[in-house]
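Structural overview
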Amino acid sequence: SIGLSAYKPDVAKALATYIAQIATHLTTEESQSDRLLTATILGGFTPNPPAAVYPPLIAYLKRDDGIGPVGLAVVSDLLQIAPVNDDTAEAITRYLRRSDQTSDSRANLADMIATKPNQSQAVNKALLAYLDSDDNSLRARVILSLPQLDLAADDFADTKFRLERIA
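Below, the structure is looked at part by part. (Residues numbered from 1 in each chain as written. Predicted model: local features only at pLDDT ≥ 70, side-chain atom pairs only at ≥ 80, totals over all residues. Heavy atoms only, no water.)

Right, let's get into helix 5 (residues 54-62). Among all positions of helix 5, only Tyr-54, Pro-56, Leu-57, Ile-58, Tyr-60 and Leu-61 are buried. Looking at the buried positions of helix 5, the neighbouring elements they touch are helix 2 (19-23), helix 3 (25-28), helix 4 (32-43), helix 6 (69-81) and helix 7 (86-96). (Buried < 20%, exposed > 50% of the residue type's maximum accessible area, 1.4 Å probe, protein only. Helix = DSSP H or I, 4+ residues; strand = E, 2+ residues; numbered from the N terminus. Contact = heavy atoms within 4.5 Å.)

Written out as structure tokens, the structure reads:
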């Protein structure tokens, strides 16, 4: 996320009881900067986040106004705080595929996803769909992210074949 990387254990324990109250600011604040701050606070629970951190972050990705810097920060948080479970991977994949995503937003997501320590093969496979994009910039950003992506062996072989076709 933007800023905080982790709380000291005693701070995390003290803040954990307020997660629900903190999380409401993702939806009730009008200010984008306040929503970004809230995402940063929720993303600070590393490396062992309380289970209560996930539902508000995942819910934010489903919001009609979830596209943009706050959504990018939320995805960053979800990939930063702990290994990506199936529910989180599904939420991020759904977010990446949203029809209201701009090409620029997808390109930023590709860059960010590739640089996170917690990789998800399901999310990375969803990124591969943009190798066939009509947008050359998006396609280039996905190609540039490939060395950092953790891909299953069959996805790696398929990607290699697709790149040979593109070249």
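Past the structure itself, the notes keep going.
The subject of this paragraph is the side chain of Ser-120. Within the element layout of this structure, Ser-120 appears in the loop between helix 8 (103-115) and helix 9 (121-128). Among all residues touching Ser-120, those that are not within four sequence positions of it are Val-84 and Ala-89.

Let us look at the pattern of salt bridges. Tallying each qualifying case throughout the model produces eight salt bridges. Here Asp-132 ties to Arg-162 by a salt bridge, and the two come within 2.8 Å at their closest N and O atoms. Taken together, the positions of Asp-132 in the loop between helix 9 and helix 10 (136-145) and Arg-162 in helix 11 (residues 153-166) put the pair 30 residues apart, joining distant regions of the chain. Given the relative accessible area of 47%, Asp-132 is considered partly exposed. Taking relative accessible area as the criterion, Arg-162 reaches 10% and is therefore assigned buried. One continuous salt-bridge network, built from bridges that share partners, spans Arg-35, Arg-63 and Asp-65. (Salt bridge = Lys/Arg side-chain N within 4 Å of Asp/Glu carboxyl O.)

This paragraph deals with the packing of helix 5 against helix 7. For the pair helix 5 and helix 7, the least separation of the axes is 9 Å and the interaxial angle reads 20 degrees. Here helix 5 lies roughly parallel to helix 7, going by the angle between them. The hand of the helix 5/helix 7 crossing is left-handed. Note on element contacts: helix 7 touches helix 5 through Asp-87, Thr-88, Ala-91, Ile-92, Arg-94 and Tyr-95, opposite Tyr-54, Ile-58, Leu-61 and Lys-62. Here the residues of the contact of helix 5 with helix 7 are counted per class, giving six nonpolar, one polar and three charged. (Axes fitted to C-alpha atoms, helices over the stretch in contact; angles between N-to-C directions. Parallel < 35°, antiparallel > 145°, perpendicular 65-115°, else oblique. Left-handed = near helix turned anticlockwise from the far one by under 90°. Nonpolar A, V, L, I, M, F, W, Y, C, P; charged D, E, K, R; others polar.)

As a further point, take the packing of aromatic side chains. For the coordinates displayed, the defined rule picks out one aromatic pair. Summarising the aromatic geometry, the rings of Tyr-7 and Phe-45 are spaced 5.0 Å apart at their centres and angled 70 degrees between planes, so their arrangement reads as edge-to-face. With Tyr-7 in the segment before helix 1 (9-16) and Phe-45 in the loop between helix 4 and helix 5, this pair connects stretches of sequence that are 38 residues apart. Taking the relative accessible area as the measure of exposure, Tyr-7 reaches 15% and is therefore buried. We classify Phe-45 as buried; its relative accessible area is 3%. (Phe/Tyr/Trp six-rings, centres within 6.5 Å; stacked < 30°, edge-to-face > 60°.)

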